[in-house]
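Chain residues, written in single-letter form:
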Amino acid sequence: MNCAECKELLVGFLEGLVDEAEKKRISEHVKSCANCSAELEKLEKLHKSLISNGEALAESDLEAEVFNRILREQKEKLKTAGQAGKTINFWRIIMKSPIIKLAAAAVIIAAVIVGVTPFLGGTVTFADVIEPILNARTVVLDLVVGSEETGLVVHDIVVGSKIRRTIPNMGLAIIDLDNARALRLDPSEKSAVYVDIQGPIQQYMNSYLGMVRDIVADMENHPEWPVQELGQRWMNGQSAVGFLLSVPNIKLTIWADAETAAPIRIEMLMGQSQTIIKNIEFDVPVDESLVSMDIPDGYTLHEGELDYTDFDEQDFIIILQFWAEHVLGGNFPDSVSAKDILKMRPALRQKIDQLNISDEEKMQIGAAMGRGFIFFRQLEFSDTDWHYVGKGVELGDANTAVFLYRPEGSEYYRVMFGDLHIEEVAPENLPQ
Amino acid sequence: MSDSDKYYVQRCLDGHPDDFRFLVRRYQKALLAYLAGKLYSLEMAEEAAQESLVRAYFKMEKLNNPEAFFSWLLGIGERVAREMRRRKQIEQKREFIEAHAAQTARAELSPDYGLEAAVSALPDTYRDIVLLRYYGGQSCKDIAKQSGMPLGTVTKQLSRAYAMLRDNLEQKQNSNYEVSK
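Reading the values: the criteria
- Residues numbered from 1 in each chain as written.
- Chains lettered and ligands numbered in written order.
- Predicted model: local features only at pLDDT ≥ 70, side-chain atom pairs only at ≥ 80, totals over all residues.
- Heavy atoms only, no water.
- Helix = DSSP H or I, 4+ residues; strand = E, 2+ residues; numbered from the N terminus.
- Contact = heavy atoms within 4.5 Å.
- Areas by Shrake-Rupley, 256 points an atom, 1.4 Å probe, with all protein chains shown as cover.
- Axes fitted to C-alpha atoms, helices over the stretch in contact; angles between N-to-C directions.
- Parallel < 35°, antiparallel > 145°, perpendicular 65-115°, else oblique.
- Nonpolar A, V, L, I, M, F, W, Y, C, P; charged D, E, K, R; others polar.
- Core = buried A, V, L, I, M, F, W, Y, C linked by side-chain atoms within 4.5 Å.
- Buried < 20%, exposed > 50% of the residue type's maximum accessible area, 1.4 Å probe, protein only.
- Pairing = 2+ DSSP bridges.
- Expected span 1.5 Å × (residues − 1).
- Polar contact = N/O pair within 3.5 Å; in protein donor to acceptor, adjacent residues only side chain to side chain.
- Buried area = accessible area lost by both parts, 1.4 Å probe.
- Salt bridge = Lys/Arg side-chain N within 4 Å of Asp/Glu carboxyl O.

S.K.: For this particular structure, what's the right way to read the overall build of chain A?
M.R.: Helix and strand counts for chain A stand at eleven helices and 16 strands. Within chain A, contacts between residues at least 6 apart in sequence are counted, and of these 57% link residues at least 24 apart. A total of about 20,200 Å² of accessible surface is found on chain A, and carbon and sulfur atoms cover 49% of it.

In structure tokens:
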């Protein structure tokens, strides 16, 4: 080995990147060459300095600080956006719209769009069971949000990336996931409005559809995620086999036809929210006009689009405030769930209509409530720790907590009190 | 690749702020070393690193090439450091330290961040490799995988970086020697 060759390999030698044979040759050369030996000594010194400085400097941990700041600034930005851009944008829409009924409908529009989860049920490992869920172009199904007896029933017709979603007595919406738009139709009023579902809400919806693929792909990396066989059971006149899949934050039970392996019932418990999918039919012929984004004949289109692109806790507070103040005579409700909010809707609609405020203001209340509903659904579906503790609390009570949750990534809880102020509280100081 | 920078950048842009943690964990130390080399103070470097990471998060959509996240982050770091330096007029301190560096026999180990300053002054490619290798806790193989460069290229660039670092440190010592003579 000559000096040039040796010098080229010295850093690799220090880094342990040369093979045994080369290592031996370098060592031998260095022993017999004063020049290269000095060179190695210098490099070694620098190498050691770099390593020890790296170790000395590496003790700081910025993560928590960085995240607290990001959360704080994000909130500020949302607030400013809400006060400046969003509101102005929204007012422009309102001014064009002769709508008042829409105000009360806003919660329902939000519910129709995000109130339910598109068949997440495709997450079993058993290829034959999940195959139709993954590959069917059309699916017709019923979804029950909440328990089987009292839950809200939703009927979905899925064609590719479009969904026609009907909720009895509440109307329907056509949802175009690819283009992040929804068309809400109210058959009783013969009215239609387009809804912009870009931004966080779109990601939220897409993530549900994408979840099937994600979880299946993820299962390969997580052999520890158990799939439990539940055996056979007689279900609705047919023999069914069941599987229980537990992934973080989600428990998924799939019952499939014991003969054809076609899924017949999917039960999903996600966070604190339960969904049941049943009456499932795959690849049935569907009239494509059912998922058309065009306005049907005889319908009147409201100008402008409803804006649900951003939402936060302030929107949710408006729901609680309005509920307590105008529907329950100053008391917070006994419980709060998506079902409760939707069931309160007729009373809400009536109360909004009775308010002595301008149409614009009514509209704004309605839209905020729609966004608040989305905010709440997001909490329900996530593994965020949240609790509603407002039973028996009076509106205006500054000392009693009503609602609390811990934002993703935060060490602190956000606690809302009876007078609607919010405090950031460390877990150990939470009110009992 | 589900743990690549590109993947996490995309996740952040898709509204999963929590995934920014992975990028913070991966690069905070290398960023800190870089900033210590620019600011000659660990305390200021920490402040600047925090600021840089927060800015990076909120400017993520402006990152054209997610694969170059680290270099882009250092670019933000550099601007933050410049602002801080201007604000606190640390140039004076820098001159003072450099003038007295000759008195410390081993400049690269002294607490004046002379070694980090030399690292920060390397051309970008070399700088990134040294920061990631020695401060970011990555092996040469990790760096090769992450950057898509062959391992041999990484080692060669590291050799070259060593040569430049030595030149820089020796030069500094010589000029300081002349100044103090």
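From this point, the narrative continues.
S.K.: Would you take a moment to explain the packing of helix H1 (residues 5–13) of chain B against helix H2 (residues 20–39) of chain B for this structure?
M.R.: To characterise two packed helices, one gives the angle between the axes of the helices and the distance between these axes. Residue and element names in this part refer to chain B. For the pair H1 and H2, interaxial distance at closest approach is 8 Å and the crossing angle is 140 degrees. In terms of orientation, H1 and H2 fall into the oblique class. Each of Asp5, Tyr8, Val9 and Cys12 in H1 lies in contact with H2, whose residues at this interface are Phe20, Phe22, Leu23, Arg26 and Tyr27. Its residues placed into classes, the contact of H1 with H2 shows seven nonpolar, no polar and two charged.

S.K.: Can you walk me through the nonpolar core in this structure?
M.R.: Nonpolar side chains in soluble globular proteins generally cluster together in the buried interior. Among the nonpolar cores identified, the biggest contains 74 residues, and A:Leu50, B:Phe20, B:Leu35, B:Phe69, B:Leu131 and B:Tyr135 are the most heavily contacted of them. Of all hydrophobic cores here, the second largest spans 60 residues; its members include A:Ile175, A:Ile254, A:Ile317 and A:Tyr388.

S.K.: I tried to follow the sheet that holds strand S13 (residues 386–388) of chain A on my own but got confused; where do I start?
M.R.: Strands in a sheet are paired, the pairing made by backbone hydrogen bonds, and the direction either parallel or antiparallel. Residue and element names in this part refer to chain A. Reading across the sheet, the four strands line up as S13-S14-S15-S16 and stay open at both edges, with antiparallel pairing between neighbours. The sheet is open, and its two borders are formed by S13 and strand S16 (422–425), each paired with just one other strand. When the angles between neighbouring strand axes are averaged without regard to direction, this sheet yields 25 degrees. In this fold helix H8 (residues 313–327) packs onto S13, strand S14 (401–405), strand S15 (413–417) and S16, with an angle of close to 150 degrees to the strand it touches most, S14.

S.K.: So what exactly am I meant to see when it comes to the environment of B:Ala121 here?
M.R.: All names here are of chain B. Within the secondary structure, Ala121 is located in the loop between helix H6 (114–120) and helix H7 (124–135). For Ala121, a relative accessible area of 53% corresponds to the exposed category. C-alpha of Ala121 to C-alpha of Tyr34: the two residues are 87 residues apart in sequence and 9.2 Å apart in space.

S.K.: Just to check I follow, could you spell out helix H3 (residues 42–58) of chain B for this structure?
M.R.: At 3.6 residues per turn, the α-helix brings residues three or four places apart onto the same side. Helix length check: H3(B), at 17 residues, gives a terminal C-alpha distance of 24 Å against a target of 24 Å (1.5 Å per residue), a fit within 8%. One side-chain oxygen of the residue at the start of H3(B) lies 3.4 Å from the amide nitrogen of B:Glu43, identifying that residue as B:Ser41.

S.K.: Can you walk me through the interface of chain B and chain A in this structure?
M.R.: The parts lose accessible area when they come together, and the size of an interface is often stated as this lost area. Listed per partner, the contact involves 44 residues of chain B and 34 residues of chain A. Buried surface at the junction of chain B and chain A, summed over both partners, amounts to about 3,700 Å²; 63% is from carbon and sulfur atoms. Across the contact surface, chain B and chain A share three salt bridges. With a shortest N-O distance of 2.8 Å, B:Glu51 and A:Arg69 are connected by a salt bridge. Scanning the region where chain B abuts chain A turns up eight residue pairs in polar contact (both at pLDDT 80 or more). Breaking the side of chain B that touches chain A down by element, the ones donating at least two residues are H2, H3, H6, H7 and helix H9 (151–180) of chain B. Considered class by class, the residues forming the side of chain B that touches chain A number 25 nonpolar, six polar and 13 charged.

S.K.: Looking at this structure, I do not really get the pairing of strand S9 (residues 250–257) of chain A. What am I missing?
M.R.: Each regular strand carries side chains that alternate between the two faces of the sheet. All names here are of chain A. The buried count for S9 comes to seven of eight residues, which makes it a mostly enclosed element. Of the strand pairs in this sheet, strand S8 (residues 238–247) and S9 are connected by eight bridges, and their pairing is antiparallel. Looking at S9, one finds that Gly242 is bridged to Trp255. Remark: two residues form the turn of the hairpin made by S8 and S9, two consecutive strands paired antiparallel; Asn249 in that turn has positive phi of roughly 75 degrees. Of the strand pairs in this sheet, S9 and strand S10 (residues 263–270) are connected by seven bridges, and their pairing is antiparallel. Considered in S10, the bridge of Leu252 is made with Met268.

S.K.: Sorry if this is basic, but what is going on with the pattern of salt bridges here?
M.R.: Two side chains carrying opposite charge are able to pair once their charged atoms lie near each other. All names here are of chain A. Tallied over the entire structure, the rule returns 17 salt bridges over all chains. Glu20 is the salt-bridge partner of Lys23, the closest N and O atoms lying 3.9 Å from each other. Taken together, the residues span about one helical turn, with Lys23 and Glu20 both in helix H2 (residues 20–32) at a distance of three residues. Its relative accessible area of 60% is what places Glu20 among the exposed residues.

S.K.: What am I meant to see in helix H4 (residues 69–88) of chain B here?
M.R.: In this model, H4(B) (20 residues) spans 28 Å end to end at C-alpha, consistent with the 28 Å of a helix rising 1.5 Å per residue. Within H4(B), the full set of buried residues consists of B:Phe69, B:Phe70, B:Trp72, B:Leu73, B:Leu74, B:Ile76, B:Gly77, B:Val80, B:Ala81, B:Met84 and B:Arg85.

On their own, these measurements won't tell you what the molecule is for.
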